[in-house]
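# Summary of the model geometry
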Amino acid sequence: MSHSTQSLAYVRKEMIEQQPAPRSQVGFTRWARENLFSGWFNTLLTLVSLFVIYKMLAATLPWVFGGVWNAESLDQCRTILNERYGDTHYACWAVIRERWNQLLYGFYPESQYWRANLAFVLMLASLAPVLFDKLPRKMLYLTMAFPFLLVWLVWGGTIWGVLSVAVGFVLAGVAFKIVDRFGSMALSAIAAVVVAVVWWLFIGPSVVDGLNSVAPLGHLQEVQSRDLGGFMICVIIGISGIALSLPIGIVLALGRQSDLFIVKTICVGFIEFIRGVPLITLLFTASLLLNYFLPPGTTFDLTLRVIIMVTLFSSAYMAEVIRGGLAALPKGQYEAADALGLDYWKSQRLIIMPQALKISIPGIVNTFIGLFKDTTLVMFIGIYDMLGLSNAIRANAAWNGIYWELFIFIGLVFWICCFAMSRYSQWLERKLRTDHR
Amino acid sequence: MSLAEDRAIDRSKLTVSDEVAIQITNMNKWYGEFHVLRDINLTVNRGERIVIAGPSGSGKSTMIRCINRLEEHQQGKIIVDGTELTSDLKNIDKIRSEVGMCFQHFNLFPHLTILENCTLAPMWVRKTPKREAEEIAMHFLEKVKIPDQAHKYPGMLSGGQQQRVAIARSLCMKPRIMLFDEPTSALDPEMIKEVLDTMIELAEEGMTMLCVTHEMGFARQVANRVIFMDQGQIVEQNEPEEFFNNPKSERTKLFLSQILGH
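Residues numbered from 1 in each chain as written. Chains lettered and ligands numbered in written order. Predicted model: local features only at pLDDT ≥ 70, side-chain atom pairs only at ≥ 80, totals over all residues. Heavy atoms only, no water.

In its Sequence similarities (unreviewed entry) section, the UniProt record describing chain B reads: "Belongs to the ABC transporter superfamily." (UniProt positions renumbered as here; feature names shortened; annotations may be inferred.)

Regarding chain A, the relevant UniProt record gives this comment under Sequence similarities (unreviewed entry): "Belongs to the binding-protein-dependent transport system permease family. HisMQ subfamily."

Take a look at the structure:
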């Protein structure tokens, strides 16, 4: 016994420091050897793959880079290509150059392009502080003003119209504050809505008319919704939908978990109804049917109707995504927030939502990307987005028969936007990772 | 686990006043059909340190969670600091801000730094200005001996450190009563001691404490009363000496023989 105990006994004299891994076990050569050439079969596969890749690039790259940029019609394109290379079928990018403005702005009056450009720059500036919290918080004032600036710049008219809408919001806020002092939250919410609606429908319009006739301040040439199109309409519908569907989705997700029967039923009913109906159906409803339900004579802007439908559609999806995030939170987080005496809204805002939204980032951005791409569906209700314009361009004799170049361009534009969203969400996820699991 | 060796506690510091802090009368609670708490009667005076022991599923946690309404009771009365717990949300929030609670799994907010964890409730519930809230937070973080971790996130800390932060977070609300729900059950043996030391300090300062714990050494040393629960009822309560040396009920004897037997 004593013999075996002795051989088992061991005492470490000193602890070993961390040491670097051997040279041959790191770097690109190791990776290539292990993954590409680890046996005769894998080497063969690597060589075959390289050959296939070469063939594909050899076929497409000349088509892309040998393309013609200066021409006025498809025939002219082909003539130039024939002169240059002989009998080839390289790309005719000239269509994008020729119809660039149309693809971007639709039928927006050319003299007013500066308004669309300015709105776009302002949009980027007002998105920036939302996306990057390092930027000065004061920029958020611009973010709050942007929706009104957008409407004024893009649709034109005097500033009184959008100011009146803004006043409606302010009045709603004031009403909420006042009633909140006496009654319950539900009561103050109702008061806010009533005040805003009364202002928007009855008082506001006459005030605006009065002001317009007395002092038409900041009057811009008016542009009709049917003249909007191209990339511009995608961005307007997409960004509005994205910005509105997130808060509505949060409210719906919370409502679905509510203990209040009516609130819960309404939210569940809404979510299940919207998710059960194709978006295109909702868009047709927006463009055709809605007018039947509205009082005769009401003009309800088509773009606005589409934005509302797209928003409702994606907010139902958003609600479910966020519900997933809420479900993933340990019950202890709710309890800790409760135990500290935070009320429902504070604990939602400070503890629950920041974590639930963080968990749901991939799903939220997924919904955003889906929404943005779905904006192309508006071509079916007669709005000329980029895809709709590509049809219109082909209808012109000069460009009849051109498909690839336009579709590749449109696809590329969407891909850049969606890829940017995807990269941003990955960056955000990394930035918010604090658990170090 | 015994602490007596290196942390001698001065029991003379531990005083109990006549003022009633918590009064529970004829309290009953059901989970659906299941009768979890049966006719609980308990009066806690200010400055008392009560340890609640019992087998798992005996309703110990549920009982203390009723005190700050994390669980709702269906019958009977609970009066905390002179306020009765009803479904009135204002009362509930008031009581919750007066009663601190520590959980088995700490439940720190992982998206906030240690300092933000501690300043959150004072700032949003008590409306304390940020700077002042931070001073209070640093004071209590020093008390639990982790001021240097203030700007880290909970995930970077050890279990023992996290539980001490959780205690500091509760203390920042200047509670008059502290509830501990198995604060050391999720910890490694090495870390249990640092948390218990913090709790002992708290007891010495006269905090009213209710602890659900399996640390019988702590109960012996710090508690002025040990409550034994089984099947949702208070089976026995006594001073620690009597409770451990001379248990009356058969159920208590069995429990003690199992928990102290090895």
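Another point: the overall build of chain A. Counting its regular elements, chain A contains 18 helices and zero strands. Compactness check: chain A gives a C-alpha radius of gyration of 29 Å against a globular reference of 22 Å for 437 residues, more than 25% above the reference. When its C-alpha atoms are laid out on the principal axes, chain A stretches across 105 × 80 × 40 Å. Classification of the 437 residues of chain A by burial places 37% in the buried group. A fraction of 71% describes how many contacts in chain A between residues 6 or more apart in sequence connect residues 24 or more apart. Distance from the positive charge centre (33 side chains) to the negative charge centre (26 side chains) of chain A: 8 Å. (Helix = DSSP H or I, 4+ residues; strand = E, 2+ residues; numbered from the N terminus. Rg over C-alpha atoms; globule rule 2.2 N^0.38 Å. Buried < 20%, exposed > 50% of the residue type's maximum accessible area, 1.4 Å probe, protein only. Contact = heavy atoms within 4.5 Å. Lys, Arg positive; Asp, Glu negative; His and termini not counted. Charge placed at Lys NZ, Arg CZ, Asp CG, Glu CD.)

Attention shifts here to the UniProt feature "domain: ABC transporter" (unreviewed entry) in chain B. Listed under "domain: ABC transporter" (unreviewed entry) in the UniProt record, and renumbered for this structure, are residues 22–256 of chain B. With 39% helix and 26% strand, the stretch residues 22–256 of chain B has end C-alpha atoms that lie 27 Å from each other.

This part covers the packing of helix H3 (residues 114–124) of chain B against helix H5 (residues 159–171) of chain B. A packed helix pair is summarised by two numbers, namely the angle formed by the two axes and the spacing between the axes. All names here are of chain B. Where H3 meets H5, the axes come as close as 8 Å, and the angle between the chain directions of the two elements is 25°. Taken together, the axis directions place H3 and H5 in an arrangement best described as roughly parallel. The interaxial crossing formed by H3 with H5 has right-handed handedness. Packed against H3, whose contacting residues are Ile114, Asn117 and Cys118, the element H5 presents Val165, Ala168 and Arg169 at the interface. (Axes fitted to C-alpha atoms, helices over the stretch in contact; angles between N-to-C directions. Parallel < 35°, antiparallel > 145°, perpendicular 65-115°, else oblique. Left-handed = near helix turned anticlockwise from the far one by under 90°.)

Further remarks concern the environment of A:Leu149. Here A:Leu149 lies in helix H8 (residues 140–155). Considering only alpha carbons, one finds A:Leu149 and A:Val170, 21 residues apart in sequence, at a separation of 16 Å.

A few words on the sheet that holds strand S4 (residues 75–80) of chain B. Residue and element names in this part refer to chain B. Spatially, S2-S1-S4-S5 is the arrangement adopted by the four strands of the open sheet, whose pairing is antiparallel. The open sheet is flanked by strand S2 (34–45) and strand S5 (83–84), the only strands paired with a single partner. Strand direction decides the pairing type here: strand S1 (residues 20–31) and S4, joined by five bridges, are antiparallel. Within the sheet, the bridge partner assigned to Ile22 lies in S4 and is Val80. Those strands touched by helix H1 (residues 60–67) are S1, S2 and S4, and its axis lies near 120° from that of S1. (Pairing = 2+ DSSP bridges.)

Turning our eyes to something else, we now look at the packing of aromatic side chains. The relation between two aromatic rings is expressed through the spacing of the ring centres and the mutual angle of the planes. Overall, the coordinates contain 19 aromatic pairs over all chains when judged by the stated rule. Taking the centre distance of 5.7 Å and the plane angle of 90° together, the rings of A:Phe132 and A:Tyr424 count as edge-to-face. With A:Phe132 in the loop between helix H7 (113–131) and H8 and A:Tyr424 in helix H18 (residues 404–432), this pair connects stretches of sequence that are 292 residues apart. Pairing A:Phe169 with A:Trp200 gives two aromatic rings, centres 5.1 Å apart and planes at 75°, and the pair type is edge-to-face. Highlighted residues: A:Phe169 in helix H9 (residues 159–182) and A:Trp200 in helix H10 (residues 185–214), separated in sequence by 31 residues. Residue A:Phe169 is classed as partly exposed on the basis of its relative accessible area, which comes to 49%. A cation over an aromatic ring shows up here: B:Arg169 above the ring of B:Phe109, its NZ or CZ 4.5 Å from the ring centre. (Phe/Tyr/Trp six-rings, centres within 6.5 Å; stacked < 30°, edge-to-face > 60°. Lys NZ or Arg CZ within 6 Å of the ring centre and 35° of its normal.)

Moving on: the state of the cysteines. What the rule picks out here adds up to one disulfide over all chains. In this model, A:Cys77 is linked to A:Cys92 through a disulfide, with the two sulfur atoms separated by 1.8 Å. In this structure, the disulfide formed by A:Cys77 and A:Cys92 twists by about 85° around the S-S bond and is classed as right-handed. Here the residue A:Cys77 occupies a position in helix H4 (residues 74–85), and A:Cys92 occupies one in the loop between H4 and helix H5 (94–98), the gap between them amounting to 15 residues. For the unlinked cysteine B:Cys66, the closest cysteine sulfur is that of B:Cys211, found at 17 Å. Classification of B:Cys66 as buried rests on a relative accessible area of 0%. With no disulfide of its own, B:Cys102 lies 9.3 Å from the sulfur of B:Cys211, the closest cysteine sulfur. In this structure B:Cys102 comes out as buried when scored by relative accessible area, which is 0%. (Disulfide = S-S within 2.5 Å.)

All right, on to the environment of B:Ala121 then. As for its placement among the helices and strands, B:Ala121 is situated in helix H3. By relative accessible area, which is 1% here, B:Ala121 ends up buried. Along the chain, B:Ala121 and B:Val222 lie 101 residues apart, while their C-alpha atoms are 29 Å from each other. Those residues in contact with B:Ala121 that sit more than four places away from it in its chain are A:Leu340, B:Arg126 and B:Met173.

Residues and elements named next belong to chain B. Ordered in space as S6-S7-S8-S3-S9-S10, the six strands form an open sheet in which the pairing is mixed. Sheet topology places strand S6 (99–102) and strand S10 (233–238) at the edges, where each strand pairs with a single neighbour. Neighbour to neighbour, the strand axes of the sheet diverge by 20° on average, direction disregarded. In terms of strand pairing, strand S7 (residues 177–181) meets strand S8 (residues 208–212) through five bridges, oriented parallel. Each residue of the ladder has a partner; that of Asp181, found in S8, is Val212. Relative to the sheet, H1 contacts strand S3 (49–53), S6, S7, S8 and strand S9 (225–230), its axis offset from that of S7 by approximately 150°.

Attention now goes to the interface of chain B and chain A. Bring the parts together and some accessible area is lost; that lost area is often taken as the interface size. Chain B puts 24 residues into the contact, and the matching count from chain A is 21 residues. Interface area for chain B against chain A, summed over the two sides, is near 2000 Å², with a carbon-plus-sulfur share of 64%. The largest share of the area that chain B buries against chain A comes from B:Phe109, B:His111 and B:Trp124, three residues that together contribute 29% of it. Linking chain B with chain A are one salt bridge, by the criterion used here. (Buried area = accessible area lost by both parts, 1.4 Å probe. Salt bridge = Lys/Arg side-chain N within 4 Å of Asp/Glu carboxyl O.)

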